[in-house]
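Secondary and tertiary structure notes
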Amino acid sequence: GEPAMSPQSRLVYKEFCAVLRCREVQGGERGWLQDFVTRCMEQLPPSVHWRVHLELADLSKREQRFGDARAAYEMAAVLQPGAAQPWLEYAKMEEERGHFRRCQRILAAGLEHCPTNESLLLKAVKHHERLGDLGAARALLGRLSSVSVDRAWRALLEGALLEARTANLSTARRVFKFLLHHAPWCGPIWYEACRFEQRFERARHALQLAEAGLAQLPRYGPLWFTALRLVECCVEPPALLARARALVVRGARSISKDLVWKLWLEYARLEERAGSLAAARAAYVRAVRSCPGNLRWKLWLGGARTEVAYAEMGTAQQLLDRAMLEAPAKVRGAVRLECARLAELGGDAAAARRELKAARKESPHEWKAYLEAVLVEIRAGEQARAVREARRALRVHTATGRLWAALIALR
């Protein structure tokens, strides 16, 4: 385990981390570092020295000095072998660099000192699965036979998902059944069990599981959203909307207030897909009433898309204007993107171009605005302009595959 720090040691350690971050941002020569580390080591008890080496390893990793990082990680692990963090961060670095066998050895060494640490165990299981060594992954999970479920449920859940990914469905179902019986208080288990059954075409059974989970954990938000999607999959149209609305009303009374608006938003989209614009509008109104002010722009945007689907262009434009007023500056480009699409649908390609130009100026990080500019020119039959837009986009977003694909298709 990791020894606790005294208040004085914690203060010195925090100061060390702050100075390290500040010097990293400022850049410059590294000659100061060794003297600074030595001074901090003198003020800190030996039981905290491993944390200093861990910080140095992370700094070296960010600066791509991997030899120094490896030495610092190893020193941290030697000084505090019972702490999982050095082993875990060291293994992640080697995995990111493609040294999979070295990563495996580090994880194995870490598990010798921390045999039931959940983070290390999960990382090792996923690593063995990635290498195709399912026997080793299962052997690691077998270590948990003597560990209580409340400490091991995450690793056991990963085991169930591993069996599902390898199409060993009967074993996966047995593990899920065991977990649901012994850890019914755990929302993620119900959620993953429902997703598993839905993925393998047992949507009705998944819906039964979701209802059982909601009876057990009525405040677990993700399960309400899963149940709503399953209702849409399983219930026939005559009874679909009534049952879905009843579910949403129940959920709105149970879940956190921060999630209520999202539940009504999902229901509004369901009503839209079912062909009821009036009911979708009513659901959006319920969503707006429960939505925090800083997120309301998302509802105006979603409502505008619904109106466009029913060819209500005037109402859609009003909603987009409202979204533009309320959206934070950093996401205004996404609103302008919708404005451009609406303008193009109305036959005004020039207005669409103006909106996309403004979107690229306000949100240069939004690659979708660049792609949409290319697509507008393609749909307008302006091949040469589309090529120019694609090249301009790739000067800003050089690693975006969709933009490269568009340029290749144009050539």
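Preceding block: the structure.
This text gives an overview of the structure that appears in the document. Note that the structure is a prediction, hence the values are computed from the model and not measured.

Here is what the cut-offs are and how they apply
- Residues numbered from 1 in each chain as written.
- Predicted model: local features only at pLDDT ≥ 70, side-chain atom pairs only at ≥ 80, totals over all residues.
- Heavy atoms only, no water.
- Helix = DSSP H or I, 4+ residues; strand = E, 2+ residues; numbered from the N terminus.
- Expected span 1.5 Å × (residues − 1).
- Buried < 20%, exposed > 50% of the residue type's maximum accessible area, 1.4 Å probe, protein only.
- Arc of directions from axis to C-beta.
- Contact = heavy atoms within 4.5 Å.
- Salt bridge = Lys/Arg side-chain N within 4 Å of Asp/Glu carboxyl O.
- Core = buried A, V, L, I, M, F, W, Y, C linked by side-chain atoms within 4.5 Å.
- Phe/Tyr/Trp six-rings, centres within 6.5 Å; stacked < 30°, edge-to-face > 60°.
- Lys NZ or Arg CZ within 6 Å of the ring centre and 35° of its normal.
- Axes fitted to C-alpha atoms, helices over the stretch in contact; angles between N-to-C directions.
- Parallel < 35°, antiparallel > 145°, perpendicular 65-115°, else oblique.
- Nonpolar A, V, L, I, M, F, W, Y, C, P; charged D, E, K, R; others polar.

Let's talk about helix α10 (residues 169-182)
One turn of the α-helix equals 3.6 residues, which is why residues spaced by three or four share an orientation. The terminal C-alpha atoms of α10, which comprises 14 residues, lie 20 Å apart, in line with the 20 Å expected from a rise of 1.5 Å per residue. Those residues of α10 not exposed but buried are T171, A172, F176, L179 and L180. All buried residues of α10 lie within an arc of 165 degrees about the axis, which places them on one face of the element. Summarising the geometry of α10, the exposed residues directed more than 90 degrees from the buried face are R174, K177 and H181. Taken together, the buried residues of α10 touch α9 (149-165), α11 (187-199) and α12 (203-216).

Looking at the pattern of salt bridges
This structure, assessed with the given rule, holds 31 salt bridges. A salt bridge links R70 to E94, with the nearest nitrogen and oxygen atoms 2.8 Å apart. Here R70 is found in helix α4 (residues 66-79), whereas its partner E94 is found in helix α5 (residues 84-96), with 24 residues between them in sequence. Grouping residues by exposure puts R70 and E94 together as buried. The salt bridge involving E338 is made with R341; its shortest N-O contact spans 3.0 Å. With E338 and R341 both in helix α19 (residues 332-345), this residue pair falls three residues apart, about one helical turn. The partly exposed category is assigned to R341, whose relative accessible area is 32%. Three or more residues joined by partner-sharing salt bridges are found here, namely R305, E338, R341, E344, E372 and R379.

Examining the nonpolar core
Residues L120, L144, I189 and V335 are the most contacted members of the largest nonpolar core, which totals 98 residues. When residues in this core are grouped by element, the largest group, ten residues, is from α9. The contact partners of L120, leaving out residues within four places of it in the chain, are A84, W87, L88, L107, G110, L111 and C114. Counting residues in hydrophobic clusters, the runner-up holds 14 residues, among them F16, C40, L44 and L56.

Structural notes on helix α20 (residues 349-362)
Compared with an ideal rise of 1.5 Å per residue, which puts 14 residues at 20 Å, α20 spans 20 Å between its outermost C-alpha atoms and is within 8% of the ideal. Of the surrounding elements, those touching the buried residues of α20 are α19, α21 (367-379) and α22 (383-396).

Let's talk about the environment of W153
Among the structural elements, W153 can be located in helix α9. Judged by its relative accessible area of 9%, W153 is buried. What W153 contacts, discounting residues up to four positions off in sequence, is L179, W185, C186, P188 and I189.

Some points on the environment of Y13
Tracing the backbone shows Y13 in helix α1 (residues 7-26). Distance in space between the C-alpha atoms of Y13 and L44 is 7.6 Å, their sequence separation being 31 residues.

Notes on the side chain of H128
Locating H128 in the fold gives a position in helix α7 (residues 118-130). If sequence neighbours within four positions are ignored, H128 has contacts with Q104, D133, A136, A137 and L140.

Some points on the packing of aromatic side chains
With the rule as written, the count across this model stands at four aromatic pairs. Arranged with centres 5.6 Å apart and planes meeting at 15 degrees, the rings of Y73 and Y90 form a pair that is stacked. Here Y73, found in helix α4, pairs with Y90, found in helix α5; they are 17 residues apart in sequence, far enough to count as distant. The same class applies to Y73 and to Y90, which are both buried. Through a chain of ring-to-ring contacts, the aromatic side chains of F176, F196 and F200 assemble into a single cluster. Between R97 and the ring centre of F66, over which it is positioned, the NZ or CZ distance is 4.1 Å. It is R360 that lies over the ring of Y370; its NZ or CZ is 5.8 Å from the centre.

Brief notes about the packing of α7 against α9
In the contact formed by α7 and α9, the axes pass within 9 Å of each other and the chain directions differ by 10 degrees. Put simply, α7 runs roughly parallel to α9. Taken together, the residues of α9 that come into contact with α7 (itself represented by E118, L121, L122, V125, K126 and E129) are R151, R154, A155, E158, L162 and R165. Looking at the contact of α7 with α9 residue by residue, the class counts come to five nonpolar, no polar and seven charged.

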